Amino acid sequence: MNPFAATVWHVMRKDLLIEVRSREILYTTLFFAVSCVLVFAFGFVREGRAVEDAAAGILWIAIAFSGTLALGRAFERERHNETLRALMLAPVERPAIYLGKLLGVLALLGAVQLVVVPLVAVMFQARLFAHPLLMLGLLAAGTTGFAAVGTLFAAMLVRARSRDVLLPVLLYPITIPVIIAGVRGTAALLQAEVDLPMARAWLSMLVFFDVVFITLALWTFEPVMTE
Amino acid sequence: MDFTSVTFTDVSRHFGRRRALSGVSFRCEAGEVVALLGPNGAGKSTLLAVASTLLEPTSGRVQYGEHTARSARARLRARIGLLGHELFVYPELSPSENLMFFARLYRVEDPDARVGAAIDRAGLTARRDDPVSGFSRGMRQRLALERALLHDPRLVLLDEPFTGLDDAGTVALRARLAALRDARRIVVVATHDLETVEPIVDRALVLQGGKLALIAPGPDPLRDRYRRACEPRAQAAQAPRES
Amino acid sequence: MNRLFPVLSVVVAAMFAYAPVMIANAPYESTMGLIQKIFYFHVPVALTMFLAAFVCGIASGVFLFGRRRAADRVAVAAAELVALLGLIVLTSGPLWARKAWGIWWDWDARLTSTLVLWLMFLAYLLLRRYGGPGSERLAAGVALFGMFNVPFVYWSVEFWRTLHPKTSVLPTLQPGMRGPLWFCFAAFLGLFVLLMAARVRLERRRAELEELYLALED
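Note that the coordinates shown come from a computational prediction; the quantities given were computed from them, not determined experimentally. (Residues numbered from 1 in each chain as written. Chains lettered and ligands numbered in written order. Predicted model: local features only at pLDDT ≥ 70, side-chain atom pairs only at ≥ 80, totals over all residues.)

**Points about the overall build of chain B**
In step 1: Helix and strand counts for chain B come out as 8 helices and 10 strands.
In step 2: Against the compact-globule benchmark of 18 Å for 243 residues, chain B has a radius of gyration of 19 Å, which places it among compact chains.
In step 3: Projected onto its principal axes, the C-alpha coordinates of chain B cover approximately 65 × 40 × 35 Å.
In step 4: Across the 243 residues in chain B, those meeting the buried criterion constitute 44%.
In step 5: Counting only contacts in chain B whose residues sit at least 6 apart along the sequence, the fraction spanning at least 24 positions is 71%. (Helix = DSSP H or I, 4+ residues; strand = E, 2+ residues; numbered from the N terminus. Rg over C-alpha atoms; globule rule 2.2 N^0.38 Å. Buried ≥ 20, exposed ≤ 12 C-beta atoms within 10 Å, placed from the backbone. Contact = placed C-beta atoms within 7 Å.)

**Some thoughts on the overall build of chain A**
In step 1: For chain A, the count of helices and strands is 9 helices and 2 strands.
In step 2: The order of α-helices and β-strands along chain A, N terminus first, is α-α-β-β-α-α-α-α-α-α-α.
In step 3: The globule rule puts the C-alpha radius of gyration for 227 residues at 17 Å, and the 18 Å found for chain A is close to it.
In step 4: Judged by the C-alpha coordinates and their principal axes, chain A covers about 55 × 30 × 30 Å.
In step 5: Buried residues in chain A amount to 52% of all 227 residues.
In step 6: A sequence separation of at least 24 residues applies to 82% of the contacts in chain A between residues at least 6 apart.

**Notes on the packing of helix α8 (residues 176–190) of chain A against helix α5 (residues 135–161) of chain C**
Each packed pair of helices is defined by two parameters, the angle between the axes and the distance between the axes.
In step 1: The contact between α8(A) and α5(C) brings their axes to 9 Å, and the two run at 30 degrees. For the element pair α8(A) / α5(C), the angle class is roughly parallel. When you trace α8(A) past α5(C), the crossing you get is left-handed. Counting all contacts with α8(A), which are made through A:I176, A:P177, A:I180, A:A181 and A:R184, the residues of α5(C) involved are C:N149, C:F152, C:V153, C:S156, C:V157 and C:W160. (Axes fitted to C-alpha atoms, helices over the stretch in contact; angles between N-to-C directions. Parallel < 35°, antiparallel > 145°, perpendicular 65-115°, else oblique. Left-handed = near helix turned anticlockwise from the far one by under 90°.)

**Structural notes on the pairing of strand β7 (residues 155–159) of chain B**
Residues and elements named next belong to chain B.
In step 1: For β7, the buried fraction is high: 5 of the 5 residues fall into the buried class.
In step 2: The two faces of β7 match: L155, L157 and D159 on one face and V156 and L158 on the other face are all buried.
In step 3: By the bridge criterion, 4 bridges tie strand β6 (residues 80–83) to β7 in an arrangement that is parallel. By the bridge assignment for β7, I80 is matched with L155.
In step 4: Pairing analysis gives 5 bridges linking β7 to strand β8 (residues 186–190), with the strands arranged parallel. Across the sheet, residue L155 finds its bridge partner in β8, namely I186.
In step 5: At this point the chain moves from β7, through helix α6 (residues 167–182), to the parallel β8, and the crossover so formed is right-handed. (Pairing = 2+ DSSP bridges. Right-handed = clockwise from strand over helix to strand, strands pointing away.)

**Describing the sheet that holds β7(B)**
Residues and elements named next belong to chain B.
In step 1: Spatially, the 6 strands line up as an open sheet ordered β6-β7-β8-β3-β9-β10, and their pairing is mixed. Looking at the sheet topology across the chains shown, the edges are occupied by β6 and β10 (211–215). The mean inter-strand angle of the sheet, taken between neighbouring strand axes irrespective of direction, is 20 degrees.
In step 2: Of the pairings in the sheet, the one linking strand β3 (residues 32–37) to strand β9 (residues 203–208) comprises 4 bridges and is parallel in character. Paired with V34 across the strands is R203, a residue of β9.
In step 3: Docked against the sheet, helix α1 (residues 44–51) engages β3, β6, β7, β8 and β9, running at close to 155 degrees with respect to β8.

**Quick look at the interface of chain A and chain B**
In step 1: In this complex, chain A contributes 20 residues to the contact, which on the side of chain B involves 22 residues.
In step 2: If you list the elements that add at least two residues to the side of chain A that touches chain B, you get α1 (3–22) and α4 (83–89) of chain A.
In step 3: The biggest single contributor to the side of chain A that touches chain B is α1(A), with 7 residues.
In step 4: Broken down by class, the residue content of the side of chain A that touches chain B amounts to 8 nonpolar, 6 polar and 6 charged. (Nonpolar A, V, L, I, M, F, W, Y, C, P; charged D, E, K, R; others polar.)

**What about the environment of A:W60?**
All names here are of chain A.
In step 1: Take W60: it is sitting in helix α3 (residues 54–80).
In step 2: Among the residues examined, W60 registers 26 C-beta atoms within 10 Å and is labelled buried.
In step 3: Spatially, the C-alpha atom of W60 lies 9.9 Å from that of A181, the residues being 121 residues apart in sequence.
In step 4: Dropping the residues within four chain positions of it, W60 is found in contact with I179, G182, V183 and T186.

**Here's the deal with the interface of chain C and chain A**
In step 1: Residue-level contacts link 28 residues of chain C with 25 residues of chain A.
In step 2: Elements that contribute at least two residues to the side of chain C that touches chain A include exactly α2 (39–66), α4 (109–130) and α5 of chain C.
In step 3: Looking at the side of chain C that touches chain A, the element that brings in the most residues is α5(C), giving 16 residues.
In step 4: A per-class count over the side of chain C that touches chain A returns 19 nonpolar, 8 polar and 1 charged.

**Examining the nonpolar core**
In step 1: Core analysis: the biggest nonpolar cluster contains 206 residues, and C:C56, C:A78 and C:V82 have the highest contact counts within it.
In step 2: What C:C56 contacts, discounting residues up to four positions off in sequence, is C:A75, C:A78, C:A79, C:V82, C:F121 and C:A143. (Core = buried A, V, L, I, M, F, W, Y, C linked by C-beta atoms within 7 Å.)

**A short note on the pairing of β8(B)**
All names here are of chain B.
In step 1: With 5 of 5 residues buried, β8 is to be regarded as a mostly interior element.
In step 2: Judged by which residues are buried, β8 turns out to be covered on both faces: I186, V188 and A190 on one side and V187 and V189 on the other are all buried.
In step 3: By the bridge criterion, 5 bridges tie β3 to β8 in an arrangement that is parallel. In the strand pairing of β8, A35 is matched with V189.

**Digging into the packing of α3(A) against α8(A)**
All names here are of chain A.
In step 1: As a packed pair, α3 and α8 sit with axes 8 Å apart at the nearest point and diverge in direction by 145 degrees. Seen along the crossing, α3 lies across α8 with a hand that is right-handed. Where α3 approaches α8, its residues A55, A56, G57, L59, W60 and A64 are matched on the opposing element by I179, G182, V183, T186, A187 and L190.
In step 2: Across the contact of α3 with α8, the residue classes tally to 9 nonpolar, 3 polar and no charged.

**Details of the sheet that holds strand β5 (residues 67–68) of chain B**
Residue and element names in this part refer to chain B.
In step 1: Read across the open sheet, the 4 strands follow the order β2-β1-β4-β5; overall the sheet is antiparallel. Only two strands of the sheet have a single partner each, and these edge strands are β2 (18–29) and β5.
In step 2: Where strand β4 (residues 59–64) lies against β5, 2 bridges are found, and the strand directions are antiparallel. Bridging from a neighbouring strand, Y64 pairs with H67 of β5.
In step 3: Docked against the sheet, α1 engages β1 (5–15), β2 and β4, running at close to 60 degrees with respect to β2.

**Considerations on the confidence of the model for chain A**
Keep in mind that low pLDDT regions are not for reading the predicted coordinates in detail.
In step 1: Confidence along chain A averages 91 in pLDDT terms, with 99% of residues attaining 70 or more.
In step 2: Mean pLDDT values for the elements of chain A range from 71 in strand β2 (residues 49–50) of chain A up to 95 in helix α6 (residues 132–157) of chain A. (pLDDT = per-residue confidence, 0-100.)

**Here's the deal with α4(C)**
Side chains three or four residues apart in an α-helix point the same way, a direct result of the helix having 3.6 residues per turn.
In step 1: The end-to-end C-alpha separation of α4(C) is 31 Å, in line with the 32 Å expected for 22 residues at 1.5 Å each.
In step 2: Once α4(C) ends, the next one or two residues include C:G132, with phi positive near 85 degrees. (Expected span 1.5 Å × (residues − 1).)

**Concerning the domain arrangement of chain B**
All names here are of chain B.
In step 1: As far as domains go, chain B holds domain 1 (5–79 + 154–242) and domain 2 (91–152).
In step 2: Just the C-alpha atoms count here: the centres of domain 1 and domain 2 sit 26 Å apart.
In step 3: For the side of domain 1 that touches domain 2, the class distribution of residues is 4 nonpolar, 3 polar and 1 charged. (Domains from an automatic or database assignment.)

The following block contains the structure:
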C-alpha cells in the first residue's frame, strides 16, 4: 500500500478502534440526534400529521446538529493529550491525516444515521426508502460534504480559544448549500408525485460540492495547521 | 536522510505580543547531551517545539546539517523524536496499541519486535494490554519516552523527562541518555532538575526570558554555574530602575 | 497610494455629491415609481461587496500559501468591508421590497445568497477576534472556503427559489438607467479603494506597533 493510503488507513483504524472501545461519541451523538428529531417534531407536527416537507428538513437538521457535536468531540480527544501534534510530528503526509480523520467521522455519522433515518421515516410516515439508491446517495454525498468542511474546521480550531462555539459559527454558513441540497433532494423523493430528475440534480450538486471541498481541504490542511 | 548537527541562527518566536524566544543561536553536535535550563515560562518548551519542526520561527533559521524543515519535511521528521510536556499517547488505547500505531506511522522495521522491546524497557510488560488511562504518571512518562525513541531518531528532544520517575526510573533514564550519546545521537534535555541531570550532561544552556546563554564548563557544581550565568541578567534587569 | 489618497478622496466625494443629481434625472421605472431608485445604490454596493469577498479570498490564499503577512492585512480589511457593504445591501433590499411589494423579506435568491455570504465573512471576523493568537491562519482558511462557496450558495439558493413563485421582478434596464448605475458603481469602487487603503494602512501601523512592543522587551 502506498504510504499516503497507509497513513489514511492507520489513522482511521485508530479512531474507530478507540470509538469501538468506549462508544462514547456514538451513543451521545445518537441520543442527541434522536432528541433533535423529537424537539423539531413538536414544532412541526400538527394534529398527528407532519407539516409537508417537515420530514426532510428535520432529518437534515438532525444530521447537521449531531454532526457538529460529533466533530467537536472527535477532535477534543486529539486535543486532550495533544496527540494531533504527535500526528503532525510524524513523517506522514499531512493531508493523509485529514483524510483518515474524515473517514473515521463519516463511519461514525453513518452509524448514527442507520438509526435516525428509519426513525424519521417511521415518525413522519415518510417513504424514505421508496427510492433507496437515490436516498442513500443523497445521505452519503450530503454527510460527506458536511463532514469534509467540518473535519478541517474542527482540526483548525483544536488550538484556538472559544473553539466550542466557533465550530458551529464557522461551519453552518459554509454548509448551507449542503443543507439546501439535502433537504430539497429528500423532499423531491417524498412528494406525492416523486420528482426523480430533481432529486438527481440535487445529488449531482452535492457530489460536485464534495469534490471541490475535499480537494480544497486536502490542499489547505498543511498550511492552515502549521503554526 | 541524516544529519550530525542542529544549528539555531538568531531564532525568534513570538505569540502575539509575548516574546517566547529572542535571538537564540546555538549548535549541537552528534554524540552529546545538552541540558536546556531555565525558570518556568522561559521558553524551553517553545525552543524544543521549534527544534522539532512543530513551530516555525518568526525569524531566524534552524538547520539540520544542510537541511531545513522546509526543504526536508517528512524525511526530516522521521529523524526527530520529541517527548513533550503533554505525553502524546492515547489514553483509550493500550501501550502496545499506542506503540504499534506510531510504529506504523513511522514505518519502523520489524514493528512487533521493536514494540515488544520498548514495552519491556518501559517496565510495562505486565500491563501491555491495559488502557493507558489507568496508568500512573510515571508509567505514562515511561511509555511516552519509548514512543519518542521508537523510531531511533537522530535528534532526541526531551521536555522534563524525569517528572514522575522514581529513583530506579531516574537511574535507568540516565543510563538510556548515556547510551544515546554513545550511539552518536543529539540529545537535548529541558529540565529544571539540575542535580538529576548533572551526571550525564556534556553542555548546559540557560534560557531566560527567551534569551539563551551558555553555561561555562567548570569544576563547580552545575547549580552554582547556573546561578552565575543567571546573575548578569538579574543585575541588568535592576540597573535601569536605579538610574 | 499615499499621494493618490487625497486626490481620490476628492474625486469620490465629488462623485457622491453629483450622484443624487444623476439619480433624480434618471427615467422613472413604470411599476415601482420613486422607490426603485434605491437600486442605484443597492446594486453597486452588492457588486462591490462581491468584489471585496473575492479580494479577501485571494489575499487569504496568498497569505496561506505565499506566507506574506501583507496579504493578511488586505484580507482582514476586505472582510470588514464585506461586513459593512453587506449591511447596506441587506437593509436597502428589504426597504425596497417593503415599499415596492409590501413584504420585508421574500427569500429572493440574490438577497438570500448575499445574506449567506455576509454570514460567512462575519464568521471570519468572529474567528479572528475570538480565536486567540494564531487565528489569522485559520481565518484565512475560512475565507478561502467562503470564496469557493460563493457559486454553490448562489446555485443552491437560486435553484431552491425556482420552486417558489417569484414576487420580485427586477426592473428591465432602460437605456437612461445605465448611466447613473455605472456612475454609482464607479463611485462605490472608488470608495472601496479608499476604505481598503485606509484600513490596510491602519493594520500596517498596528503590526509596526506590535514589533515595537516586542523590541521593547529586549
